Amino acid sequence: MRSYRALRSFAVMCATALALLIVLCLLPHDRYLRFQGLTDPQVVKAGWVFERIHFDKTPIDVVFIGTSHTVFGIDSAEVERECRAAGGRHCASVNFGLQHLGRDLHWLIAREVLEARKPRLMVIEVQENEPRAMHPAFPYLANSDDLIAAPLIVNTAYFPNLARLPLRQTSLWAHTAMPALFGSRTVFDPALYRGSHWDDTYAEIGSRDHPIAEPRPRTGILSAKELEFERTHPGATDGSLPHLPGPLHALEYRATLIYLDKLIELARSKGVQIRILYMPSYGNTLPPDFSSYYQRSAPVWEMPQDFRFRPELWLDVAHLNNAGAAEFSRWLGKKLAKEVP
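The structure contained in this document is the topic of the report that follows. (Residues numbered from 1 in each chain as written. Predicted model: local features only at pLDDT ≥ 70, side-chain atom pairs only at ≥ 80, totals over all residues. Heavy atoms only, no water.)

1. What about helix H14 (residues 322-339)?
In a regular helix each residue adds 1.5 Å, so 18 residues correspond to 26 Å; H14 covers 25 Å between its end C-alpha atoms and thus fits that length. For H14, every residue scored as buried is listed here: Asn322, Gly324, Ala325, Phe328, Ser329, Leu332, Gly333 and Leu336. The opening residue of H14 is Asn321, an N-cap whose side-chain oxygen sits 3.1 Å from the backbone nitrogen of Ala323. (Helix = DSSP H or I, 4+ residues; strand = E, 2+ residues; numbered from the N terminus. Expected span 1.5 Å × (residues − 1). Buried < 20%, exposed > 50% of the residue type's maximum accessible area, 1.4 Å probe, protein only. Polar contact = N/O pair within 3.5 Å; in protein donor to acceptor, adjacent residues only side chain to side chain.)

So this is what it looks like as C-alpha cells:
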C-alpha cells in the first residue's frame, strides 16, 4: 500500500511539473521584444531585420539570406544602385545575412519576411559544403512550436534548445509585462532605427541604439601567400568535426536540408523566385559538395572565377573586404537587373 501511495505521489509530482513546464512554454510575450533581445555583435542585426520587415514600408524586392559571407560580401545599397543603373525596375534589396552557419535561422528569417512582405526574389548563399550545426541564435528567436517541432535526427541542439525554453519564455513574459523595470523597448522608435539598409561591408563601431555616423570601410588585405596558407590550413570549423560512419553519413545533413527544403518550398508557395548564390573561399575553383541538390532546387549563381584569385578583394580567406564587396555587389546588381521578375 505504501509503495502504491509513493508511486502515485511521484506520478502526481511529475504530472504537475510537466503541466507547469507546458504553461511556462506557452507564456505570451511581445515578438518585437524577442528579436531585440540579442545583443551579441554577431547577431544584434536580428532586431533590425524585424524592424525592416514590419515597420519600414520601403519596398523589398530582393532578399539576401546567408552567413558572414553574405554579411561582409554584399552591400545591398550598392546592389540596388547598380541594378537601377542597369535598367532594373525592381531592385529594392535587403541584406538579411547573419553571422554563423545554420539553416534553421535562414528558414526562420525567410518565413518572417515572406509572411509579412511580398519580395520578388530570394537569394540564398551557399558555400563549399552545407553546415551540420544549427544556428546558435535560433532558440532565442524561434517560436515555441518551432523548437518543439524541430528535426531531431541529427540535431545536436534539439534538447539544449528545449531545456532553455521555459526560462526564455518566463524572461520574455516578464520583460513584456514590465518593460520599464527591465529597460526593455516594446514600441518601435523611428529615431533609433538604422534605416532601410544595414550592410556590414563597413566596420562599424557603436551599439544597436547608437550607431556611428560615418562607418569605416573594411580595407584589410592579406597577401596571396597568406591567403593561400589560410586556405590550405583551415581551423576548427563545422566541416572539420568528426563524421558518422559511411552508411550514416547522410544523416549528418538531414536537419540542415530539411530547413533548406522548407525555405525553398515556402518561397515557391508565396510565388517568390529563388536563386542559389555560391560564395566560395579565396582560391577555390571547385563546385560545392551539394551542387546537384542546388541545381535541382533553383538556378545557381556563382561568384566569378576571377574574384577568387585577387587578394586585394579579400579581408581573409573566407570574406571579401570593402573593395571586394563593392565590386561583387555591382556584379550582383547587373544580374538582378536582368533576372528579377
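That covers the picture; the talk isn't over yet.
2. A few points about the pairing of strand S1 (residues 62-65)
Taken residue by residue, a regular strand's side chains alternate between the two faces of the sheet. Burial along S1 is two-sided: Val62 and Phe64 and Val63 and Ile65, pointing in opposite directions, are all buried. Bridge count between S1 and strand S2 (residues 93-95): three bridges; the pairing is parallel. Each bridged residue has a counterpart across the sheet, and for Val62 the counterpart in S2 is Ser93. Judged from the four bridges that link them, S1 and strand S3 (residues 121-126) form a sheet pairing that is parallel. Its bridge partner being in S3, Ile65 is matched across the sheet by Ile124. (Pairing = 2+ DSSP bridges.)

3. Some thoughts on unusual backbone geometry
A cis amide bond links Ile153 to the next residue, Val154, at an omega of -20°. Here Val154 is to be found in the loop between helix H8 (144-148) and helix H9 (158-177). At His100, a position not held by glycine, the phi torsion is positive, near 95°. Locating His100 in the fold gives a position in the loop between S2 and helix H6 (103-116). Relative accessible area serves as the criterion here: at 37%, His100 is assigned to the partly exposed category.

4. Details of the state of the cysteines
According to the stated counting rule, one finds one disulfide in the structure shown. Residue Cys83 pairs covalently with Cys91 via a disulfide, S to S 2.1 Å. Because the sign of the S-S torsion sets the handedness, a value of about -65° for the bond joining Cys83 and Cys91 places this disulfide among the left-handed ones. A relative accessible area of 0% places Cys83 in the buried class. (Disulfide = S-S within 2.5 Å.)

5. Considering the side chain of Ser297
Mapped onto the secondary structure, Ser297 falls in helix H13 (residues 291-297). Owing to a relative accessible area of 10%, Ser297 belongs among the buried residues under this scheme. Residues within four places of Ser297 in sequence aside, it is in contact with Ile264 and Arg268. (Contact = heavy atoms within 4.5 Å.)

6. Some words on the pattern of salt bridges
Under the definition given, this model contains 17 salt bridges. One salt bridge connects Arg185 with Glu51, and the closest N-O pair in it is separated by 4.0 Å. Linking Arg185 in the loop between helix H10 (179-182) and strand S4 (202-203) with Glu51 in helix H3 (residues 45-54), this pair joins segments that are 134 residues apart in sequence. For Glu51, a relative accessible area of 7% gives the class buried. In this structure, Glu339 and Arg275 form a salt bridge, with 3.0 Å as the shortest nitrogen-oxygen distance. (Salt bridge = Lys/Arg side-chain N within 4 Å of Asp/Glu carboxyl O.)

7. A word on the nonpolar core
Among the nonpolar cores identified, the biggest contains 56 residues, and Phe96 and Met122 are the most heavily contacted of them. Excluding its chain neighbours within four sequence positions, the residues that come into contact with Phe96 are Lys45, Trp48, Val49, Arg52, Ile53, Val63, Phe64, Ile65, Ile109 and Val113. (Core = buried A, V, L, I, M, F, W, Y, C linked by side-chain atoms within 4.5 Å.)

8. Some thoughts on the environment of Asn321
Locating Asn321 in the fold gives a position in the loop between strand S7 (300-302) and H14. Each C-alpha atom, one on Asn321 and one on Pro311, is 9.7 Å from the other, the two residues being 10 residues apart in sequence. There is a polar contact of 3.0 Å between the side chain of Asn321 and the backbone oxygen of Glu312. A polar side-chain atom of Asn321 sits 2.8 Å from the main-chain amide nitrogen of Gly324.

9. Describing a nonpolar patch on the surface
The grouping of Leu152, Ile153, Phe159 and Leu251 at the surface amounts to a nonpolar patch, some 370 Å² of accessible area in total. For Leu152, the position within the fold is in the loop between H8 and H9. Given the relative accessible area of 44%, Leu152 is considered partly exposed. (Patch = residues over 30% accessible without salt bridge, like charges linked within 9 Å, V, L, I, M, F, W, Y side chains within 5 Å. Areas by Shrake-Rupley, 256 points an atom, 1.4 Å probe, with all protein chains shown as cover.)

10. Focus on the sheet that holds strand S6 (residues 273-278)
The strand order S2-S1-S3-S6-S7 describes an open sheet built from five strands, whose pairing is parallel. Sheet topology places S2 and S7 at the edges, where each strand pairs with a single neighbour. Averaged over all neighbouring strand pairs, the angle between strand axes comes to 25°, with direction disregarded. When S6 meets S7, the two strands line up parallel, connected through three bridges. Residue Ile276 lies in a different strand from S7, and its bridge partner there is Val300. Most of the contacts of helix H5 (residues 76-85) go to S2, to which it runs at about 160°, and overall it touches S1 and S2. Most of the contacts of helix H12 (residues 254-269) go to S3, to which it runs at about 165°, and overall it touches S3 and S6. (Axes fitted to C-alpha atoms, helices over the stretch in contact; angles between N-to-C directions.)

Remember, this is a structural readout, not a statement about activity or role.
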